[in-house]
Amino acid sequence: MKIAFINIALRPEAKRQHLPVGLGYVLTAVKKQGLEFGLFDMAVDNISVDGLEAMLGREDYDVYAFGCIVTGYRYVDQISRMIRRIRPDATIICGNSAATSIPELLLTNTEVDIAVLGEADITIVDLLRALERRMPISEVKGIAFKKDGKINFTGKRAIIPDLDTIGFPDWDIFNLEKYARYSDVNSNSFSGDKVVSFPLNSARGCPFQCTFCYHVFLGQKYRRYSEPAIVGEIKRLHDRYRCDFVAFWDELTFPTLKSVESRVKAIKALDFKIQWGADARAGLFRAEHLDLIRAMKESGCNHIGFALENGSPEILAAMGKKMSVDQFIEQAKVLWKGDVVPLASVIFGYPQETPETIQLTLDICEECDIYPSVGFLLPQPGTPIYEWAKKAGRIADEVEYLSRIGDRQDFHVNLTNMSDVEFVETVTRKLEALAKRQGLKLESVFKTVTFQKPATAKLQERK
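Residues numbered from 1 in each chain as written. Predicted model: local features only at pLDDT ≥ 70, side-chain atom pairs only at ≥ 80, totals over all residues. Heavy atoms only, no water.

Trainee: Give me the lowdown on the pattern of salt bridges, citing residues and values where you can.
Mentor: Throughout the structure, instances matching the rule amount to 25 salt bridges. Linking Glu132 and Arg129 is a salt bridge whose minimum nitrogen-to-oxygen distance equals 2.9 Å. Placement of the pair is Glu132 and Arg129 together in helix H6 (residues 121-132), with a separation of three residues, close to one helical turn. Three or more residues are tied together by salt bridges with common partners; here these are Glu119, Asp121, Arg204 and Arg223. (Salt bridge = Lys/Arg side-chain N within 4 Å of Asp/Glu carboxyl O. Helix = DSSP H or I, 4+ residues; strand = E, 2+ residues; numbered from the N terminus.)

Below, the structure written as structure tokens:
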């Protein structure tokens, strides 16, 4: 049986092209079981859908597999239809949130045959073995498939309780020379120095449930690798790939102070220096934690990312955020004081949004000396705000909506009481004013400032 995996490019022209962590785990699991496969990396090889069709047309495969987040539904649709056209008898498999959040819609409206639901490390191997041996796939837990016009679910697969047992991705599967061209951009070090950066997934899931957020581990137990396993992976990345910057690639790296302390202790014990960055819960660090932040800096921590999302207490409550604006401000200020760069994101567009709440959000960012990563609210299937948007008639046709959405920096749907023009122009105008006050020159106000201005320079300005 011949298998082709496809790494779908959501942003083929982007300045950043990250190693695909989720696909890395899947391919590593398949490789460990001795299953051979071809890989078509649309991201790093800058392959269009037409270009992919030409490449796939040169060789027959029995199975085509790919994963994609649900905001890339249109690519899943296009690619699955193209595969069906050139290989009518092939089996087409899709995973990630494009499968997990909308299995019925996906299997009914695209040419995908099988949806892999949730954690795929074990499921994909069991599924490919069943296909190879012509065994009933109905016995494979954790999938949905269509047969004779009917959607069938095989039952939920139990999560992997101990992440240490699966290890980390085998990055040799990918063309690292090509990904290295983006390494310094991907690192978030912004020091101006060339670095070799790798992602490191140290946890799966998130213990919080914001009303706008969807990921394939939603509703499952939050799990972390052990610190010895994480340290072992850092050593491997350093020794094998000359990695000098680790980007912890998690929904949430640090849920507690204890998790920070153990990570800092483990990294400081290394016999080499490494830079790193991670995400933390907003409100985790208080003024009294300055010594811990300085220890983080000493261990090589470059930045901590966390979300304000919005400055309105009413909107924060609607989002399900378990934090206050004051906690966000305190965390940003103590991180700056400890020489660790705070990176933050905001979302505009909840039903309660007004020009005043937009201004309030940006005033808070200015107070914290942060130019945020900005996004318009993008309701995703499987979230409460998506259900609200459907009931309110803002999403009338799900397939139409999913077929046109994309990056959160682009405006796709309006849930506010403002007109589309007023909403977009208000956000744009106020972002331009914030950038001007902070002395920033941006290609676009919707691109985070860290692309434009080294954060290390900003630290020097503050001293």
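Trainee: Can you explain the sheet that holds strand E13 (residues 301-309)? Please cite residues and give values.
Mentor: Here six strands make up an open sheet; going across it, the order is E8-E11-E12-E13-E14-E15 and the pairing parallel. Looking at which strands have only one partner, the edges of the open sheet turn out to be strand E8 (197-200) and strand E15 (373-376). Geometrically, the sheet is characterised by an average inter-axis angle of 20° between neighbouring strands, direction not taken into account. As paired elements, E13 and strand E14 (residues 341-348) share six bridges and run parallel to each other. Bridging across to E14, Glu309 finds its partner in Val346. Along the sheet face, helix H17 (residues 420-437) touches E14 and E15 and points at about 175° away from the line of E15. (Pairing = 2+ DSSP bridges. Axes fitted to C-alpha atoms, helices over the stretch in contact; angles between N-to-C directions. Contact = heavy atoms within 4.5 Å.)

Trainee: Give a description of the packing of aromatic side chains that names residues and reports values.
Mentor: Scanning all chains against the criterion turns up 15 aromatic pairs. Ring centres 5.1 Å apart and planes at 50° place the aromatic pair Phe306 and Phe328 in the tilted group. Taken together, the residues Phe306 in strand E13 and Phe328 in helix H13 (residues 325-337) connect sequence positions 22 residues apart. Each member of the pair, Phe306 together with Phe328, is buried. Look at Phe411 and Phe423: their rings are 5.8 Å apart centre to centre, the planes differ by 75°, and that puts the pair in the edge-to-face class. Of this pair, Phe411 sits in the loop between helix H16 (398-404) and H17 while Phe423 sits in helix H17, and the two are twelve residues apart along the sequence. Joined through ring pairs, the aromatic side chains of Phe376, Phe411, Phe423 and Phe446 make up one cluster. (Phe/Tyr/Trp six-rings, centres within 6.5 Å; stacked < 30°, edge-to-face > 60°. Buried < 20%, exposed > 50% of the residue type's maximum accessible area, 1.4 Å probe, protein only.)

Trainee: Tell me about the packing of helix H10 (residues 257-268) against helix H11 (residues 290-299), residues and numbers included.
Mentor: A pair of packed helices can be characterised by two numbers: the angle between their axes and the separation between those axes. Relative orientation of the contacting elements H10 and H11 amounts to 35°, with a least axis distance of 9 Å. As for how H10 packs across H11, the hand of that crossing is left-handed. Mapping the contact onto sequence places Leu257, Val260, Glu261, Val264, Ile267 and Lys268 in H10 and Leu292, Ala295, Met296, Glu298 and Ser299 in H11. Of the residues assigned to the contact of H10 with H11, the class counts are seven nonpolar, one polar and three charged. (Left-handed = near helix turned anticlockwise from the far one by under 90°. Nonpolar A, V, L, I, M, F, W, Y, C, P; charged D, E, K, R; others polar.)

Trainee: Would you mind going over the pairing of E15 in detail, with residue names and values included?
Mentor: The sheet contact formed by E14 and E15 spans four bridges and is parallel. Following the sheet pairing, Ile347 is matched in E15 by Gly375. Viewed along the sheet, the connection from E14 through helix H14 (residues 355-367) into E15 turns out right-handed. (Right-handed = clockwise from strand over helix to strand, strands pointing away.)

Trainee: I'd love a proper account of the packing of helix H9 (residues 227-241) against H10, names of residues and values included.
Mentor: Running from N to C, H9 and H10 cross one another at 40°; their axes reach a closest spacing of 10 Å. Taken together, the axes of H9 and H10 are oblique relative to one another. When the axes of H9 and H10 are compared, the crossing they make is right-handed. Where H9 approaches H10, its residues Glu227, Ile230, Val231 and Ile234 are matched on the opposing element by Ser259, Ser262, Arg263, Ala266 and Ile267. Residue classes in the contact of H9 with H10 are distributed as five nonpolar, two polar and two charged. (Parallel < 35°, antiparallel > 145°, perpendicular 65-115°, else oblique.)

Trainee: Account for the side chain of Asp77, with residues named and values stated.
Mentor: With respect to the helices and strands, the residue Asp77 is situated in helix H3 (residues 73-86). Since its relative accessible area comes to 15%, Asp77 is described here as buried. Here the side chain of Asp77 touches Arg81 through a polar contact of 2.6 Å, side chain to side chain. Setting aside its immediate chain neighbours within four residues, Asp77 contacts Asn109 and Thr110. (Polar contact = N/O pair within 3.5 Å; in protein donor to acceptor, adjacent residues only side chain to side chain.)

Trainee: Lay out the pairing of E14 with the relevant residues and their values.
Mentor: Here E14 lies mainly inside the structure; eight of its eight residues are buried. The two faces of E14 match: Val341, Leu343, Ser345 and Ile347 on one face and Pro342, Ala344, Val346 and Phe348 on the other face are all buried.

Trainee: Can you lay out the environment of Ile405 for me, pointing to particular residues and giving the numbers?
Mentor: Among the structural elements, Ile405 can be located in the loop between H16 and H17. Ile405 sits 25 residues away from Gln380 along the chain, and the two C-alpha atoms are 9.8 Å apart. Those residues in contact with Ile405 that sit more than four places away from it in its chain are Thr71, Arg74, Leu378 and His412.

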